[in-house]
Structures are given as C-alpha cells and as structure tokens.
Amino acid sequence: METFKILLLTVAVIAAVKSQNATDGSKPTISLKQDPEYPEIYTGEQVILTCSITEQTSTQWTYQWKKDNTEVNSGGQIYNISSATMLDKGSYTCHISRNGVTFSSEPNNLTIIEPPQPQLSKEPQWDLFYPTEKVTLTCSINENPNDWKYRWYKIKDKLDNDISISGKTLSINSAKSSHSGKYMCKAKHLRRSAGTKPAELLELHISGK
C-alpha cells in the first residue's frame, strides 16, 4: 500500500513538472499568426488567427483558444473572425495539449477600430447659391485620401449629368435649380474590404427652386 502511494505521488509530481510548459527548454515552438497582419483591423473585416507548431510531430494535438485569458474556442488550429466588431479586440493566445501536457503561444494583441467617418463640406459656404455660380463639395477622410474610393449620392434623385466628380471632389461649374437637394458621400478602401459609413447629409439650395 505504501509503495502504491509513493507511485501515485511520483506520477503527480511528473505531471505537474510537465504542465509548466516545459521550462527545461524542451518546449515546442508555437507560432500564432494573424492574417491580415495590419496593426489595426477595421470593423467588418475578416481576421484569421492560425496556431501551428514549428517542429514536425506525429502526435495529434488538441487546440484551445483564449481571449483575455477566457476560453473562446477549441475547435482547431484556426480561429476565424468573419466580420470583426469592437467586441473582438483583445489579447489572443492558443494552447496545444497532448497527454495532459499543455504549451502556450505568445499573445497576439488584436486591435479593432471603426473605419474613418467622412466629412462633407461645401465651398463657398453660402446658404443660398444663384444660377451659374460654382459650387464644390468635398468628402474628407482623416487618413490618406488616396487609400479610398469615393462614392457620391443625391438623396431621392440622380446626380445631374453636368456634375463633375473627381475622387473626393464633386464640382458644379454652373449651378441651376435642379442641383438643389441633399448630397451624401461614403468611401471604400482600395486594398481592404473596409468601407465607411455615410457622411452626414449636406443640402444645397439653388435659387429658383
């Protein structure tokens, strides 16, 4: 009986030593990669985290994912965020186990931000324009404007054919009454799947309507 107790104690000590992530230097190399590797992810974008072991092993590993030290998924090597929200930001780690021994990756800090909000302005900033006057609307984004493709809209109406659009700028070279109305812009990132929310509506008043 005493021999059996000693054996159980020995097994428990060995398991405890192994569970300390192999501090004797035998810990496998665990890689946690983020795709895409942008330092900041916009809401609505897809993010894939992949956990892998550098060393070649024949053993089947069990994977577990944690966010801010709370288990979020244990389905395999890949943690997929199909459409990021602000709730997805945090520190992610993956944990691999076999035969009761667990190894952990370094944390990956995932930063989620909202796409920039476009601002719509007019020049000149008059409340009322007269026929033949020039009006310019500008859709501004507080980031590199060349990273975005701009779209222009006129609420409940089509843009007049004589309106000129060049990226973030909409130009009316000779105003007329049909140009009156509410205008709106939004933008889509050229290299990413992110898109902005619409800018606040800007209303033009042209005399004669």
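Refer to the preceding data block for the structure.
This structure is a prediction, so every number in the text was calculated from the model and none was measured.

**Let's talk about the sheet that holds strand β13 (residues 148–154)**
Here three strands make up an open sheet; going across it, the order is β13-β16-β17 and the pairing antiparallel. Across the chains shown, the open sheet's two edge strands, defined by having one partner strand only, are β13 and β17 (202–204). Between one strand axis and the next, the sheet turns through 30 degrees on average, direction left out of account. Across three bridges, the pairing between strand β16 (residues 181–189) and β17 is antiparallel. Residue pairing in the sheet places Y183 in a bridge with L202 of β17.

**Structural notes on the nonpolar core**
Core analysis: the largest hydrophobic core is formed by 22 residues, its most contacted members being L137, W152, I172 and L204. Counting residues per element, the ones that place at least two in this core are β12 (135–140), β13, β15 (169–172), β16 and β17. Look past the residues within four positions of L137 in its chain and what remains in contact with it is L120, S121, K122, W152, K168, T169, L170, Y183, L202 and L204. Counting 20 residues, the second-largest nonpolar core is a separate cluster that includes I53, Y63, Y92 and V101.

**As for the state of the cysteines**
This model, assessed by the stated rule, comprises two disulfides. The disulfide that involves C51 links it to C94, with 2.0 Å between the sulfurs. Residues C51 and C94 are joined by a disulfide whose S-S torsion is about 60 degrees; by sign, that bridge is right-handed. With C51 in strand β3 (residues 47–53) and C94 in strand β7 (residues 90–98), this pair connects stretches of sequence that are 43 residues apart. Here C51 matches C94 in class, with each residue buried. Here the bonded cysteines of the protein chain are numbered in sequence order, and their pairing is 1-2, 3-4.

So, how was this worked out
- Residues numbered from 1 in each chain as written.
- Predicted model: local features only at pLDDT ≥ 70, side-chain atom pairs only at ≥ 80, totals over all residues.
- Heavy atoms only, no water.
- Pairing = 2+ DSSP bridges.
- Helix = DSSP H or I, 4+ residues; strand = E, 2+ residues; numbered from the N terminus.
- Axes fitted to C-alpha atoms, helices over the stretch in contact; angles between N-to-C directions.
- Core = buried A, V, L, I, M, F, W, Y, C linked by side-chain atoms within 4.5 Å.
- Buried < 20%, exposed > 50% of the residue type's maximum accessible area, 1.4 Å probe, protein only.
- Contact = heavy atoms within 4.5 Å.
- Disulfide = S-S within 2.5 Å.

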